[in-house]
Structures are given as structure tokens and as C-alpha cells.
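Here's the letter readout for the chains.
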Amino acid sequence: MAKKKETKTFLKIEKTAELDNTETAELKSSSEESIEETTIAQRLLSLYNLQQLWSKIDKIRVIRGELPNEVRDLEDALEGMQTRITNYNEDIQTLKNDILGEEHKMKDSETLIKRYEEQQSNVRNNREYESLTKEIEYQKLEIQVAEKRKGKFLAEIETKKSEIVICEEKLKEIDDVLQQKKSELSDIISDTEKEEKELLKKIGEYKSKVNERLLTAFERIRKNARNGLAVVQIDRDACGGCFSTIPPQKQLDIRLHKKIIVCEACGRIFVDRQLIESQNADKQDVTS
Ligand SMILES: [Zn+2]
């Protein structure tokens, strides 16, 4: 309880310092050892606000990043469907050629039959006649086989044709979704670009409140952190970035914010929860 009161008073002092002694604070920032507590609190808050803004931008970029993937997936699906249709059409062409082949065979057999029948009228004995009859029967059988095959090929063509109809329906469905996603994508891109521009403008304002060295450190940590978080709070005695346990003494130092304290495990900068809460409370006071 007593500690909380302490922070509050402390923050009031900090506020006046911000108004009256901005120049002094800036001067003092160049010699790291003599930085006033108030300046540290201000900087931590600015860093925290920078972090919030960057996190918003990160989220926007993720949303913008996912939609192109969806569009690409749909384009792939569309291409796959087109390939299937092309393959079916090629199959149909092959089957048509096969049918022509069977028809050729039938014609050949018919020609042979005709020839054998002519020969039968000129035979010299029964044995020759019988032999020609057998040839004719064989050719008739060949015709039957070819006829059967032709029928099978024709049926296959019909199957392929109905497959093509199904594929074309699916193709249309995919294309409809694709066109819709594409227009969504362009909307989202223009919307988020506008939002991002505004956030970047605010980031520029906060940047000027943090000294160069701290800003460089912040940007380096952010770049290396997988979740883009460079400024974190203590959550259940652990670092909010890497979840390593933070010793009580260090937690106390963080609450006092007399210096910039980073996580030994991940290098992220700690900001005190109470400090943020009092900033948010101040903001509400201003708006109400
Ligand atoms: Zn950490």
C-alpha cells in the first residue's frame, strides 16, 4: 500500500518535470550516470508506448500477410483444376485415336471376309472351302472384339466428359472465391496502409522522447525477438517475453525505475506495470 502511494507522488513529480525541465532532462540524458529517476520513468513509458504502436503494426502486417497466402492457395487450386481438365481432354483425344484404330481393324477384317468369300466360289475342294470358312469366322470374331473395345472407349470418353463438367463447375467456384479474395486484399492493403502510416507518424513522435542509445537497443531487441516485443512487464514473477523467473530484488528495482533494467535471459527491457497504469489513468483524466 505504502509503495503504491509512493509511486503516485513520484509520478506527479515526474509530470511537472516533464513540463518544466524538458531541456534539463535532455541535457542530463547525455551523461548516463546522472539520469534523474523521472527521466527514466518517462523514457520507459515512451518505450512502452513505442512498443504498443509497433505491436499494432505487427498485427496489421500479419493480417496483410495472410491474405496473399490465401490468394496464392486459390490460384494454385485453380491451376490444378485447369491441369486436370487439360489431362482429361488429352485422354479423350487418345481414346478417339484408339477408336479410329479399332474401326480400321474392323474395315480390314471386312475386306478380308469379302476376299475370302470370293475365293470360296473358286475353290477346288472341300478342304480349301472349310479353311476359308474358318478364316472368315476368325475375322468375324476380330470384328466383334474391335466392336467391344470401341464401345468401352466410347464409355470412357463419356466418363471423362462428365469429369470435365464437374471440374469446370469447381473451377468456377474457385475463381469466384479468388476474385472476391483479391478485391478484399486490395481493400485491406489500402486500409491498413493508411492505418500503418498513422501509427508510424505516432512512432516518430515517441521516438523523439527516447534517447538515441536506448532507441537503438530497443530496435535491436525488437528485431531479434520472435514476437517483436522489446518492452515487457513482469507477469507472475516471470519475464513477459521469455518467461524466465525474475528474482525479487530485481523486481523491486524494476518497480523503482531508477535505471533501465533488462532481462538477463532475453535482453528485453522491463517496464513497471504500475507505471503504465498510472499513465493510462492520466490519459483517462485528460479525455474525461
Ligand atoms: Zn526475458
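Residues numbered from 1 in each chain as written. Predicted model: local features only at pLDDT ≥ 70, side-chain atom pairs only at ≥ 80, totals over all residues. Heavy atoms only, no water.

### A short note on the overall build of the protein chain
Then, in step 1: Counting secondary structure elements, the protein chain contains seven helices and four strands.
Then, in step 2: Along the protein chain, helices and strands appear, N-terminal first, in the series α-α-α-α-α-β-β-β-α-β-α.
Then, in step 3: Counting across all 288 residues of the protein chain, residues that qualify as buried make up 33%.
Then, in step 4: The contacts in the protein chain between residues at least 6 apart in sequence include a share of 74% that link residues at least 24 apart.
Then, in step 5: For the protein chain, the exposed area adds up to about 19,500 Å²; of that, 51% sits on carbon and sulfur atoms. (Helix = DSSP H or I, 4+ residues; strand = E, 2+ residues; numbered from the N terminus. Buried < 20%, exposed > 50% of the residue type's maximum accessible area, 1.4 Å probe, protein only. Contact = heavy atoms within 4.5 Å. Areas by Shrake-Rupley, 256 points an atom, 1.4 Å probe, with all protein chains shown as cover.)

### Let's talk about the coordination of the zinc ion
Then, in step 1: The protein atoms that coordinate the zinc ion are Cys239 (SG), Cys242 (SG), Cys263 (SG) and Cys266 (SG), at distances of 2.2 to 2.3 Å.
Then, in step 2: Sequence spacing of the donors to the zinc ion: C-x2-C-x20-C-x2-C. With Cys242 in the loop between strand 3 (238-239) and helix 6 (248-256) and Cys266 in the loop between helix 6 and strand 4 (269-270), this residue pair connects regions lying 24 residues apart in the sequence.
Then, in step 3: The class for Cys242 is partly exposed, based on a relative accessible area of 27%. (Donors = N, O, S within 2.8 Å, 3.2 Å for Na, K, Ca; no water.)

### A word on a negative patch on the surface
Then, in step 1: On the surface, a cluster of negative charge is contributed by Asp187, Asp191, Glu195 and Glu198.
Then, in step 2: With respect to the secondary-structure elements, Glu195 resides in helix 4 (residues 126-207). (Patch = residues over 30% accessible without salt bridge, like charges linked within 9 Å, V, L, I, M, F, W, Y side chains within 5 Å. Salt bridge = Lys/Arg side-chain N within 4 Å of Asp/Glu carboxyl O. Lys, Arg positive; Asp, Glu negative; His and termini not counted. Charge placed at Lys NZ, Arg CZ, Asp CG, Glu CD.)

### Some thoughts on helix 6
Then, in step 1: Taken residue by residue, helix 6 has Lys250, Gln251 and Ile254 as its buried positions. Buried residues of helix 6 fall within an arc of 105 degrees about the axis and therefore sit on the same side. In helix 6, the exposed positions that point more than 90 degrees away from the buried face belong to Pro248 and Gln249.
Then, in step 2: At its buried positions, helix 6 is contacted by strand 2 (234-235) and strand 4. (Arc of directions from axis to C-beta.)

### Brief notes about the nonpolar core
Then, in step 1: In terms of nonpolar packing, the biggest core is built from 25 residues, with Leu47, Leu50, Phe218, Val231 and Val271 touching the most fellow members.
Then, in step 2: Where this core is concerned, the elements lending two or more residues are helix 3 (37-120), helix 4, helix 5 (212-224) and helix 7 (273-287).
Then, in step 3: Ranked by residue count, the leading element in this core is helix 3, at 11 residues.
Then, in step 4: Discounting chain neighbours no more than four positions away, the residues touching Phe218 are Leu47, Leu50, Gln51, Trp54, Ala230, Val231 and Ile269.
Then, in step 5: Counting 18 residues, the second-largest nonpolar core is a separate cluster that includes Leu74, Met81, Leu171 and Leu178. (Core = buried A, V, L, I, M, F, W, Y, C linked by side-chain atoms within 4.5 Å.)

### Considerations on helix 5
Then, in step 1: The terminal C-alpha atoms of helix 5 lie 18 Å apart, and with 13 residues this matches the ideal 18 Å at 1.5 Å per residue to within 8%.
Then, in step 2: Buried within helix 5 we find Leu214, Leu215, Ala217, Phe218, Ile221 and Arg222. The arc that holds the buried residues of helix 5, viewed along the axis, is 160 degrees, so those residues lie on one side. In helix 5, those exposed residues whose orientation departs by more than 90 degrees from the buried face are Glu212, Arg213, Arg220, Lys223 and Asn224. (Expected span 1.5 Å × (residues − 1).)

### So, the side chain of Glu196
Then, in step 1: Counting through the fold element by element, Glu196 comes out in helix 4.
Then, in step 2: On the basis of relative accessibility, which here comes to 9%, the residue Glu196 falls in the buried class.

### Side note on the pattern of salt bridges
Then, in step 1: By the definition in use, this model includes 15 salt bridges.
Then, in step 2: Between Glu102 and Arg149 there is a salt bridge, with the nearest N and O atoms lying 3.5 Å from each other. Of this pair, Glu102 sits in helix 3 while Arg149 sits in helix 4, and the two are 47 residues apart along the sequence.
Then, in step 3: The partly exposed category is assigned to Arg149, whose relative accessible area is 39%.

### As for unusual backbone geometry
Then, in step 1: Phi is positive for Phe243, which is not a glycine, with a value near 65 degrees.
Then, in step 2: Its location among the elements puts Phe243 in the loop between strand 3 and helix 6.
Then, in step 3: The exposure class of Phe243 is exposed, given its relative accessible area of 65%.
Then, in step 4: If you check the backbone angles, His257 has positive phi at about 35 degrees while not being a glycine.
Then, in step 5: Secondary-structure assignment places His257 in the loop between helix 6 and strand 4.
Then, in step 6: For His257, a relative accessible area of 1% gives the class buried.

### Concerning the environment of Ile221
Then, in step 1: Assignment of secondary structure puts Ile221 in helix 5.
Then, in step 2: It is 8.8 Å that separates the C-alpha atoms of Ile221 and Val231, two residues lying 10 residues apart in sequence.
Then, in step 3: Residues in contact with Ile221, not counting those within four places in the same chain, are Leu229, Ala230, Gly267, Arg268 and Ile269.

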